[in-house]
Amino acid sequence: MQYKTEQVVLKEKFIGHDAKNLVLLDSTLNRYAANGWTLCTMTTTVAGGSGLGGGDRTVFTLIFQKL
């Protein structure tokens, strides 16, 4: 069995909680699935943004496996 790990960072807009790049998460999941990988674990971490851009960042850690 093989494993691969990838992190995807989604940036939230400054006001509200609308993720701007869910397409990035979708495309990452679909890319691995198209190559025969199965998502076996996903964790998330949220970090508050600072500075002029503001907004939160959600970090998804994805672990895929292939038999």
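Residues numbered from 1 in each chain as written. Predicted model: local features only at pLDDT ≥ 70, side-chain atom pairs only at ≥ 80, totals over all residues. Heavy atoms only, no water.

Further remarks concern the packing of aromatic side chains. Per the counting criterion, the structure on display carries 2 aromatic pairs. Taken together, a centroid distance of 6.5 Å and an interplanar angle of 80° make the contact between Y32 and W37 edge-to-face. Measuring from centroid to centroid gives 4.0 Å for Y32 and F64, while their planes differ by 5°, and the two rings are stacked. Of this pair, Y32 sits in helix α1 (residues 22-34) while F64 sits in strand β3 (residues 57-66), and the two are 32 residues apart along the sequence. Put simply, the rings of Y32, W37 and F64 touch in pairs and so form one group of aromatic residues. (Phe/Tyr/Trp six-rings, centres within 6.5 Å; stacked < 30°, edge-to-face > 60°. Helix = DSSP H or I, 4+ residues; strand = E, 2+ residues; numbered from the N terminus.)

Turning our attention to the environment of L10. Turning to its location among the elements, L10 is positioned in strand β1 (residues 2-11). You can call L10 buried: its relative accessible area is 2%. Once the C-alpha coordinates of L10 and L24 are considered, the two residues, 14 residues apart in sequence, prove to be 7.9 Å apart. (Buried < 20%, exposed > 50% of the residue type's maximum accessible area, 1.4 Å probe, protein only.)

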